[in-house]
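# Examination of the molecular architecture
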Number of protein chains: 2
Amino acid sequence: MAKEKKLVEAITSMEEDFTQWYTDVVKKAELMDYSSVKGCMIFKPNGYAIWENIQKNLDAMFKETGVENVYMPMFIPESLLQKEKDHVEGFAPEVAWVTQGGLETLQERLAVRPTSETLFCELFSKTVQSHRDLPKVYNQWCSVVRWEKTTRPFLRSSEFLWQEGHTVHATAEEAEARTVQMLNIYADFCEKYLAIPMVKGRKTDKEKFAGAEATYTIEALMHDGKALQSGTSHNFGDGFPKAFGIQYTDKDNKLQYCHETSWGVSTRLIGAIIMVHGDDSGLVLPPKIAPTQVMVIPIQQQKDGVLDKAYDLKDKLSKDFRVKIDATDKTPGWKFAAQEVQGISTRIEIGPKDIEKNQCVIVRRDTREKIVVSLDEVNEKLAEVLETMQNDMLEKAKAFLARHINDAHDYNEFKAIAETKPGFIRAMWCGDEACENKIKEDTTVTSRCMPFGDQEQISDVCVCCGKPAHKLVYWGKAY
Amino acid sequence: MAKEKKLVEAITSMEEDFTQWYTDVVKKAELMDYSSVKGCMIFKPNGYAIWENIQKNLDAMFKETGVENVYMPMFIPESLLQKEKDHVEGFAPEVAWVTQGGLETLQERLAVRPTSETLFCELFSKTVQSHRDLPKVYNQWCSVVRWEKTTRPFLRSSEFLWQEGHTVHATAEEAEARTVQMLNIYADFCEKYLAIPMVKGRKTDKEKFAGAEATYTIEALMHDGKALQSGTSHNFGDGFPKAFGIQYTDKDNKLQYCHETSWGVSTRLIGAIIMVHGDDSGLVLPPKIAPTQVMVIPIQQQKDGVLDKAYDLKDKLSKDFRVKIDATDKTPGWKFAAQEVQGISTRIEIGPKDIEKNQCVIVRRDTREKIVVSLDEVNEKLAEVLETMQNDMLEKAKAFLARHINDAHDYNEFKAIAETKPGFIRAMWCGDEACENKIKEDTTVTSRCMPFGDQEQISDVCVCCGKPAHKLVYWGKAY
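Because the structure is a prediction, the values reported are computed rather than measured.

A word on the overall build of chain A. The helix and strand inventory of chain A stands at 15 helices and 23 strands. For 479 residues, the compact-globule estimate of 2.2 N^0.38 gives 23 Å, and chain A sits close to it at 25 Å. The principal-axis extents of the C-alpha atoms in chain A amount to approximately 80 × 60 × 45 Å. Relative to its 479 residues, chain A shows a buried fraction of 60%. Put simply, 68% of the contacts in chain A that link residues at least 6 apart link residues at least 24 apart. Positive and negative charge centroids in chain A, built from 62 and 73 side chains respectively, lie 3 Å apart.

Here's what the structure looks like:
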């Protein structure tokens, strides 16, 4: 038992030290590694495979709505980045600059893209002339660079992987509709595939994207009660189009400015999966996104026929599932621990006694429930188990979220909740940035979003200044 | 007819000016656009979608052989890049350097990866300890940067998209086997999906990769008779492992150096597709790789019921094929020209007379053959047409290749062929780099590869110097 204990013991308990638990999990589950480039991380096979599954499924949802993928250069000339004033001010402090190409010093510095609004604007300004050219609904999967001082795997790194959608439309209404549509796609994807419920809404002006008219966000609640901004969708109005001259002739042959949006999610989502579903044994991956949905683990594999039967089982399962087998010479206990730390959704144990009874044992990673099933119907039963597990994980996360939303009616209550109860705080806000600043200073809590739709007015006055307030805000400590 | 003529006339005839024809096709087929970053290109939806299909199919072939995908940082510290001497000498002149991060000047310059051997070596040196850790068979899909003076879309640009596989093995034999295996996968993929036959073989020392012991290559023949190096696979032996200290303990507990390989194909393959299959009307895409396999074009669509029937047909086809419909208010002639210039494999014309007869007309892009089929069996018939077209395109390209290989037995013959006959020249070589240099100087022809297997000895002496020679070499003018 020495070895398997070692593997498990190496993970700090999440209640003891959540930050250390997170670091332990990403390393022990072999999701990532550090490189000699400060602030940049290596996506190892286990980590990258999760991203591949996110890409595949989200990309299909995008394409159903008419999104077309493109690829833009990774470099942006300094003069181009400067064309929209708010935008460059937002990003300049965190840009990496290329100043030498080959053996020559460049005449103009090139930014390694922190985001690609400016390049898309340049393309749109060349390719959009008439209302017939609209809308353009483009997206790219790529990496971007933001020079960060403090970094954490998947949550904040100098280079990260993401998708960035960029669209231009004839009307403000169409741009707004696309902005909200993409936010809803993000939220639906996270619920359906990642089993993570999202709080959706609009960012305050203080928290919105550099250059945007409106920023919408999905916010998830981590196990430690902190919020993770997990995706954003921006409506730029005609700000960028005016800065870049993106115009079209309408049906009456009049020249009009386009309206623009952008939207993105990143490898942060992997951080969300870890911190929503993980436990003290490691990662727990929702079956729909798990690179490996089931690990076959032979018991007493040295006995006659066990390995053969285990491989047969693996072959049979591989028709319907993403399956692996652990036929190494390690002990079953070690193999269980390895499967658990990696978050593989289920394992199937099969040994001589099982074979005798024509059965095997499915073990759920999330609940550790053991389900004995006949080998004749193992595929059907496993499909059921995985579906149930996916649903249960979402329901559990929903219940956790619901338990961690507290209403504050006045500032003392707000401060008390901020200090003692992890999670979101719902409270009214007058709309004044000064109140956001004061709250942040007093409690480290920031405004996460103003939820969509008709929301209960939980009081008439701002939780901070006491002036009349109509905006309900979700507040929280954030990653 | 004015408009459709304009679309077609804008393409220069390939016999008149092949270079201009190529430039016209990539623009008119809307594969790419230029950006304000010198030497970098924009992959527009039509171009990127081809790359997505290449990725999807090739990645599946990789994974069948146990390849795992990862993602490494895009930056390489200068000191890391310098660890293997030949390697850094090969790449230094074309590296883009980041010297500023945020508002600070970096203490050490960072190379924007021109290729990632050094980063993978660093990872392997940390993660490989025992023979149980071997092999590692990693790959990444990413972009790389090589600061090029003269660029051409898809063929040579300062940033391009590619995959780079990197593997470490316990033995030299295993590394060599993997190197050759991946080259064969490339060649098989190009034949099966891109309908491009390849000449496979080993590079001479002069032409091999910086730091490699052996480089293998697939070389395709373009319509103008020039060769395009389309993919390479390198066996590094233990050179990199020694420079980076990648060692493992074998079964006898002895410390051994690993053996390493790398292999890559890039968006150059899109250039190959264009220049092998294209014609004076534009692009011709093999059905297996075409983002759109069939364009439904209604004829007299203003007439009652035509559009409805065309949309019904599109829906029916979409179950089995990648299909689009052109229901814009442009003329059928314009639509045909647009479908042809984009290389969409087939179009289906459907008008009032067809509907009356319960039929439609499939038109092959490559031969323009028209095939009248019943609407009741259109899916089956289209599947047949696409399969036949895919095979015919490969056979045509094979025949073209075979017609453009000429043997040279002495230097006068070699020079005469080089001047008058486009294509590959087969000739014997003594193995001396001086002969390669002389041939290049005299004729601009370079050694492309030494083919695998037992090759006919077409003479006993070097075609250049007349000394004894045992190596058969494919020579050619190259992109």
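What follows continues from the structure just given.
Residue and element names in this part refer to chain A. Between helix α3 (residues 45-64) and helix α9 (residues 268-277), whose axes approach to 10 Å, the crossing angle comes to 110°. Compared by their axis directions, α3 and α9 come out roughly perpendicular. From α3, G47, I50, W51 and I54 reach across to α9, where they touch L269, I270 and I273. Tallied by class, the residues present in the contact of α3 with α9 amount to 6 nonpolar, 1 polar and no charged.

As a further point, take the relation of the copies chain B and chain A. For the pair chain B and chain A, the superposition axis carries a translation of 0.0 Å, the fit reaches an RMSD of 0.0 Å, and the rotation angle comes to 180°. Expressed as a symmetry operation, the mapping of one chain copy onto the other fits a two-fold axis. No C-alpha of chain B lies nearer the rotation axis than that of V98(B), which sits 2.1 Å from it. Looking at the interface residues of chain B, 100% of them are also at the interface in chain A, so both copies use one shared face.

Residue-level contacts link 57 residues of chain B with 57 residues of chain A. Around 4,600 Å² of area is buried between chain B and chain A when both sides are counted, 57% of it from carbon and sulfur atoms. Run the count over chain B and chain A and you get 8 salt bridges. The closest approach of N and O atoms between D33(A) and K126(B), which form a salt bridge, is 3.3 Å. At the junction of chain B and chain A, the tally comes to 31 residue pairs in polar contact (both at pLDDT 80 or more).

Residue and element names in this part refer to chain A. Residue L134 is joined to P135 through a cis peptide bond whose omega torsion reads -10°. For P135, the location among the structural elements is in the loop between α6 (117-127) and β7 (136-145). Of note in the backbone geometry, E30 takes a positive phi value of approximately 55° without being a glycine. With respect to the helices and strands, the residue E30 is situated in the loop between α2 (18-28) and β1 (32-34).

Any two side chains of opposite charge can pair, given that their charged atoms come close. Taken as a whole, this structure holds 51 salt bridges over all chains when the rule is applied. A salt bridge links D205(A) to K208(A); its shortest N-O distance comes to 3.8 Å. What makes D205(A) exposed here is its relative accessible area of 54%. For K208(A), a relative accessible area of 27% translates into the label partly exposed. Among the ionic pairs, K44(B) bridges to E30(B), the shortest N-O distance being 3.6 Å.

Moving on, we come to the sheet that holds strand β21 (residues 424-429) of chain A. Residue and element names in this part refer to chain A. Spatial ordering of the open sheet is given by β3-β7-β8-β14-β11-β10-β9-β22-β23-β21-β20, a layout of 11 strands whose pairing is mixed. Looking at the sheet topology across the chains shown, the edges are occupied by β3 (68-69) and β20 (405-407). Direction of pairing for strand β11 (residues 227-237) relative to strand β14 (residues 259-266): antiparallel, over a ladder of 5 bridges. When the sheet's bridge partners are listed, T232 is paired in β14 with G264. Against the sheet, α9 makes contact with β10 (214-221), β11 and β14, and its axis sits at roughly 145° relative to β11, the strand it touches most. Against the sheet, helix α14 (residues 411-420) makes contact with β20, β21 and β23 (471-476), and its axis sits at roughly 160° relative to β21, the strand it touches most.

In this section: the sheet that holds strand β6 (residues 104-112) of chain A. Taken in spatial order, the 6 strands line up as β4(A)-β6(A)-β5(A)-β5(B)-β6(B)-β4(B) in an open sheet, and their pairing is antiparallel. In this open sheet, the two edge strands, each paired with only one partner strand, are β4 (75-77) of chain A together with β4 (75-77) of chain B. On average, each strand axis in the sheet is inclined to that of its neighbour by 45°, with strand direction left out of account. Where strand β5 (residues 96-101) of chain A meets strand β5 (residues 96-101) of chain B, 5 bridges bridge the pair, whose relative direction is antiparallel. Paired with G101(A) across the strands is A96(B), a residue of β5(B).

When the sulfur atoms of two cysteines share a covalent bond, that bond is a disulfide. Summed over all chains, the structure comprises 0 disulfides over all chains. C40(A) forms no disulfide, and the closest cysteine sulfur to it belongs to C142(B), at a distance of 13 Å. For C40(A), a relative accessible area of 3% gives the class buried. Not engaged in a disulfide, the cysteine C142(A) finds its nearest cysteine sulfur in C142(B); these two sulfurs lie 12 Å apart. A relative accessible area of 7% means that C142(A) is categorised as buried.

Along the chain, D250(A) turns up in the loop between β12 (247-249) and β13 (255-257). One buried charged residue, D250(A), forms no salt bridge at all, with the nearest opposite charge on K254(A) at 6.0 Å.

The subject of this paragraph is α3(A). All names here are of chain A. A rise of 1.5 Å per residue sets the reference length of α3, with its 20 residues, at 28 Å; its end C-alpha atoms lie 29 Å apart and thus fit the reference within 8%. By the criterion of burial, α3 is predominantly enclosed, with 15 of the 20 residues buried. Positive phi appears at G66, one or two residues downstream of α3, with a value of about 90°.

Quick look at the packing of aromatic side chains now. This structure, assessed with the given rule, holds 40 aromatic pairs over all chains. Ring geometry for F62(B) versus W263(B): centroids 5.4 Å apart, planes at 70°, classification edge-to-face. Remark: W263(B) occurs in strand β14 (residues 259-266) and F62(B) occurs in helix α3 (residues 45-64); sequence separation between them is 201 residues. In terms of burial, F62(B) and W263(B) fall into one category: buried. Plain terms: the ring middles of Y411(B) and F414(B) are 6.1 Å apart, the flat faces sit at 25° to each other, and that makes the pair stacked. Here the residue Y411(B) and the residue F414(B) both occupy positions in helix α14 (residues 411-420), the gap between them amounting to 3 residues, near one helical turn. Using a relative accessible area of 11% as the deciding quantity, one classes Y411(B) as buried. What links up through ring pairs into an aromatic cluster is the set W51(A), F62(A), W141(A), Y186(A) and W263(A). If you follow K226(A) out to its NZ or CZ, it ends over the ring of Y479(A), 4.8 Å from the centre. Across the ring face of Y193(A), the terminal group of K288(A) is positioned such that the distance to the ring centre comes to 5.7 Å.

Conventions and cut-offs
Residues numbered from 1 in each chain as written. Chains lettered and ligands numbered in written order. Predicted model: local features only at pLDDT ≥ 70, side-chain atom pairs only at ≥ 80, totals over all residues. Heavy atoms only, no water. Helix = DSSP H or I, 4+ residues; strand = E, 2+ residues; numbered from the N terminus. Rg over C-alpha atoms; globule rule 2.2 N^0.38 Å. Buried < 20%, exposed > 50% of the residue type's maximum accessible area, 1.4 Å probe, protein only. Contact = heavy atoms within 4.5 Å. Lys, Arg positive; Asp, Glu negative; His and termini not counted. Charge placed at Lys NZ, Arg CZ, Asp CG, Glu CD. Axes fitted to C-alpha atoms, helices over the stretch in contact; angles between N-to-C directions. Parallel < 35°, antiparallel > 145°, perpendicular 65-115°, else oblique. Nonpolar A, V, L, I, M, F, W, Y, C, P; charged D, E, K, R; others polar. Least-squares fit on C-alpha atoms with pLDDT ≥ 70 in both. Buried area = accessible area lost by both parts, 1.4 Å probe. Salt bridge = Lys/Arg side-chain N within 4 Å of Asp/Glu carboxyl O. Polar contact = N/O pair within 3.5 Å; in protein donor to acceptor, adjacent residues only side chain to side chain. Pairing = 2+ DSSP bridges. Disulfide = S-S within 2.5 Å. Expected span 1.5 Å × (residues − 1). Phe/Tyr/Trp six-rings, centres within 6.5 Å; stacked < 30°, edge-to-face > 60°. Lys NZ or Arg CZ within 6 Å of the ring centre and 35° of its normal.

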